[in-house]
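# Coordinates in review
Below, each chain spelled out in residue letters.
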Amino acid sequence: MGLRFVGKDPESGDHGCPAVWVDEESQDLVIQGVAADADTIARTVKDSPLPAHESVVRLPQRMIPLLREALDGAEPE
């Protein structure tokens with residue numbers, strides 16, 4: 001599986017979080033982020049159940065340009 005690194009939070013300094021990649025084969029987005037707090041999770045499960053193999057992450061607003069870049073790079077040709 002080849003992952004193309006798109007970028008990480010410009011304010012994260014030497015820390016690696018949050019970050020975004022595109023899977024070059026499946027075009028899936030791979031996202032590393034801060035684990036959501038209990039209140040956020042409680043709100044999200046009202047709309048969508050959270051199975052044990054999934055998690056909720058929070059990305060800062062300043063990551064939107066990186067997400068757009070990842071989405072543009074993952075669009076089918």
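Anything mentioned here points back to the structure above.
It is worth spelling out the environment of Pro51 at this point. Along the chain, the position of Pro51 falls in the loop between helix H1 (38–44) and strand S5 (57–58). For the pair Pro51 and Gln61, spaced 10 residues apart in sequence, the C-alpha to C-alpha distance is 26 Å.

With that settled, the discussion passes to the side chain of Ser12. Tracing the sequence through the fold places Ser12 in the loop between strand S1 (3–8) and strand S2 (19–23). In terms of polar contacts, Ser12 uses its side chain to reach the backbone carbonyl oxygen of Asp9, at 2.8 Å.

Here we take up the side chain of Asp9. Note that Asp9 resides in the loop between S1 and S2. Among the polar contacts listed, one links the side chain of Asp9 to the backbone nitrogen of Glu11, at a separation of 2.9 Å.

As enumerated under the stated definition, the model contains one aromatic pair in all. Pairing Phe5 with Trp21 gives two aromatic rings, centres 5.8 Å apart and planes at 55 degrees, and the pair type is tilted. Taken together, the residues Phe5 in strand S1 and Trp21 in strand S2 connect sequence positions 16 residues apart. For Phe5, a relative accessible area of 47% corresponds to the partly exposed category.

What follows is about helix H2 (residues 64–74). Those residues of H2 lying buried are Leu66, Leu67, Ala70 and Ala74. Buried positions in H2, seen along its axis, are confined to an arc of 100 degrees and lie on one side of it. Facing away from the buried side of H2, by more than 90 degrees, are the exposed residues Pro65, Arg68 and Asp72. Against S1, S2 and strand S3 (29–32) lie the buried residues of H2.

Moving on, we come to the pairing of S2. Extensive coverage of S2 is indicated by the burial of five of its five residues. Of the two faces of S2, both are covered, the one formed by Ala19, Trp21 and Asp23 as well as the one formed by Val20 and Val22. The pairing of S1 with S2 spans five bridges and is antiparallel. Looking at the pairing, Gly7 lines up with Val20 of S2. Looking at chain direction, S2 and S3 are connected through four bridges and run antiparallel. Bridge assignment links Trp21 to a residue of S3, and that residue is Val30. A loop of five residues connects S2 with S3, the two strands running antiparallel in sequence, and Gln27 in this loop sits at a positive phi of about 70 degrees.

Cut-off values and rules
- Residues numbered from 1 in each chain as written.
- Predicted model: local features only at pLDDT ≥ 70, side-chain atom pairs only at ≥ 80, totals over all residues.
- Heavy atoms only, no water.
- Helix = DSSP H or I, 4+ residues; strand = E, 2+ residues; numbered from the N terminus.
- Polar contact = N/O pair within 3.5 Å; in protein donor to acceptor, adjacent residues only side chain to side chain.
- Phe/Tyr/Trp six-rings, centres within 6.5 Å; stacked < 30°, edge-to-face > 60°.
- Buried < 20%, exposed > 50% of the residue type's maximum accessible area, 1.4 Å probe, protein only.
- Arc of directions from axis to C-beta.
- Contact = heavy atoms within 4.5 Å.
- Pairing = 2+ DSSP bridges.

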